[in-house]
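Given next are the chains, with one letter for each unit.
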Amino acid sequence: MTSLHRECLERVDGKPTLLYDNHKRRRHGPRIAVSESTAQAIEARQKELDQLPAVPACEQWLFPSPGQRNRPRRSHLTTAQFCNRIFRDWVDELIPDLVDDRLDDNGEPLAYDRTQVVPYGFRHAYAQRHADAGTRPDVLRELMDHRSLDVTMGYYKVSLTRKQEAVKTVARLAVDRHGAPRGFEDALAYEVESVGVPYGGCTEPSNVTAGGGHCRIRFQCAGCDFYRPDPSYLPALEQQIADLRADKESALAMDAADWVVRNLDDQIRAYSKSADEMRRKLEDMPPEERAAVESASRELRKARSAAAFFPLQALHTRSPE
Ligand code: SF4
């Protein structure tokens, strides 16, 4: 259980930091870095409270107790009050039709058990996204305020298993810059011999060693023999082709030199070759296999975007025990 004081937001070096009380661990005032949008929501809430009549017994809290009939209001909102009323109403309003992925006897989706939707899920999702993004276990332990590292490590096992399954599915479907099949022998080869770059995998050894940040030809992947896109990169490839087409229009409108337009044309052609070949292969697959590849591709994209979402440095500072 957690509570927030009204003055729970501080800016450290300009960055918003949240101070909270972890009642379960009996720790008051641990700090956690939060996004600017979260900070703005807290500031808006503080202003809202400034407009309301003060209730001395609960004025120090960001979320004061709503009170009960025949009982004066005191202290802060409790977990039960939040979970049973506010959160449930919010979920009902936000997701009126909540269905399971299982079907009933008539082939219709079963209604999802709404009691399974609980705020604790946000905590799990937060931890899982960090684990997927490669946040160091000791940093994640701090962020989650876990007593035992074993609990934190559970998130890495889930993350690893899911990712390995996804890699196994897409590794064999990689192509080269001509669209020719260049699948990896197995998931291990995919992980060890390639690294993700913006529009596909890269197998250039020095760039693989550098984690993808050291391309000697400035990420001109469409013309590089080390380029190995797989279906998980299709949306990124499609976006790149659309961007290159827009650039070409701008180049023509600006009367740019022929070689500029030619270069853009060459890149559009090369990226399209890889993308068309992967799309063709997907279309030839039986629906179940295609669905599995698409699901694995989504999983890998999620892992990559999580890695981009979370900065790798530790964001968390703790108050003394
Ligand atoms: S251009 Fe070649 S070496 Fe550079 S990132 Fe792309 S595939 Fe790797």
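What you are looking at is a predicted structure, and each value in this text was computed from that prediction instead of being measured.

Focus: the site of the ligand
- In the vicinity of the ligand, the contacting residues are V197, C202, E204, N207, C215, I217, F219, Q220, C221, C224, F226 and Y227.
- Taken together, the residues of the shell around the ligand sort by class into 9 nonpolar, 2 polar and 1 charged.

A few points about the domain arrangement of the protein
- As far as domains go, the protein holds domain 1 (1–68), domain 2 (78–118), domain 3 (120–166 + 306–321) and domain 4 (172–284).
- Relative to domain 4, the C-alpha centre of domain 1 lies at a distance of 47 Å.

Describing the sheet that holds strand β7 (residues 195–197)
- Pairing within the open sheet is antiparallel, and its 3 strands lie in the order β7-β8-β9. On the outer flanks of this sheet lie β7 and β9 (227–228), each paired with one strand and no other.
- Sheet analysis places strand β8 (residues 200–202) next to β9, joined by 2 bridges and oriented antiparallel. Within the sheet, the bridge partner assigned to C202 lies in β9 and is Y227.

Let's talk about unusual backbone geometry
- For S75, which is not glycine, the phi torsion reads 65° and is therefore positive.
- Although it is not a glycine, F219 adopts a positive phi angle of roughly 55°.
- Among the secondary structure elements, F219 is positioned in the loop between α7 (205–209) and β9.

Some remarks on a nonpolar patch on the surface
- On the surface, W90, L94, I95 and F122 cluster together to form a nonpolar patch covering roughly 410 Å² of accessible area.
- Overall, W90 belongs to the partly exposed group, its relative accessible area being 43%.

Points about the packing of helix α8 (residues 234–253) against helix α9 (residues 258–284)
- Across the interface, α8 lies against α9 with an axial gap of 9 Å and an inter-helix angle of 155°. On the basis of the axis angle, α8 is roughly antiparallel to α9. Handedness of the α8/α9 crossing: left-handed. Judged by residue contacts, L234, L237, E238, Q240, I241, L244, R245, D247, K248, A251 and L252 of α8 engage V260, V261, L264, D265, Q267, I268, Y271, S272, A275, M278, R279 and L282 from α9.
- Grouping the amino acids of the contact of α8 with α9 by side-chain chemistry returns 14 nonpolar, 3 polar and 6 charged.

Brief notes about the nonpolar core
- Core analysis: the largest hydrophobic core is formed by 36 residues, its most contacted members being Y190 and Y271.
- Taken together, the elements giving at least two residues each to this core come down to α5 (149–171), α6 (187–193), β7, α8, α9 and α10 (287–309).
- Considering each element in turn, this core owes the most residues, 8 residues, to α9.
- Discounting residues that sit within four places of it in the chain, Y271 has contacts with Y199, F219, C221, A222, Y227, L237, Q240, I241 and L244.
- Of all hydrophobic cores here, the second largest spans 19 residues; its members include L4, C8, A39 and L49.

Examining the confidence of the model for the protein
- Per-residue pLDDT for the protein has a mean of 86; in total, 95% of the residues score no lower than 70.
- Within the protein, β9 carries the highest mean pLDDT (96), whereas strand β5 (residues 99–103) carries the lowest (76).
- Scored below 50 in pLDDT, residues 309–321 shows 25 contacts in the model against residues more than four places distant or in partner chains.

Details of the pairing of strand β3 (residues 15–22)
- Of all 8 residues making up β3, 7 are buried, and the element is well covered by its neighbours.
- Sheet analysis places strand β1 (residues 2–3) next to β3, joined by 2 bridges and oriented antiparallel. Each residue of the ladder has a partner; that of S3, found in β3, is D21.
- Where strand β2 (residues 9–12) lies against β3, 4 bridges are found, and the strand directions are antiparallel. Following the sheet pairing, R11 is matched in β3 by P16.
- Taken together, β2 and the strand that follows it, β3, pair antiparallel across an intervening segment of 2 residues, in which D13 is found at a positive phi of about 50°.

A closer look at the pattern of salt bridges
- Overall, the coordinates contain 21 salt bridges when judged by the stated rule.
- R279 is the salt-bridge partner of E238, the closest N and O atoms lying 2.5 Å from each other. A residue pair is termed long-range when its members are at least 10 positions apart, and E238 in helix α8 and R279 in helix α9 qualify at 41 residues.
- You can call E238 partly exposed: its relative accessible area is 35%.
- Where salt bridges share partners, they join R11, E36 and E43 into one cluster.

About the cut-offs
- Residues numbered from 1 in each chain as written.
- Predicted model: local features only at pLDDT ≥ 70, side-chain atom pairs only at ≥ 80, totals over all residues.
- Heavy atoms only, no water.
- Near = heavy atom within 4 Å.
- Nonpolar A, V, L, I, M, F, W, Y, C, P; charged D, E, K, R; others polar.
- Domains from an automatic or database assignment.
- Pairing = 2+ DSSP bridges.
- Helix = DSSP H or I, 4+ residues; strand = E, 2+ residues; numbered from the N terminus.
- Patch = residues over 30% accessible without salt bridge, like charges linked within 9 Å, V, L, I, M, F, W, Y side chains within 5 Å.
- Areas by Shrake-Rupley, 256 points an atom, 1.4 Å probe, with all protein chains shown as cover.
- Salt bridge = Lys/Arg side-chain N within 4 Å of Asp/Glu carboxyl O.
- Buried < 20%, exposed > 50% of the residue type's maximum accessible area, 1.4 Å probe, protein only.
- Axes fitted to C-alpha atoms, helices over the stretch in contact; angles between N-to-C directions.
- Parallel < 35°, antiparallel > 145°, perpendicular 65-115°, else oblique.
- Left-handed = near helix turned anticlockwise from the far one by under 90°.
- Contact = heavy atoms within 4.5 Å.
- Core = buried A, V, L, I, M, F, W, Y, C linked by side-chain atoms within 4.5 Å.
- pLDDT = per-residue confidence, 0-100.

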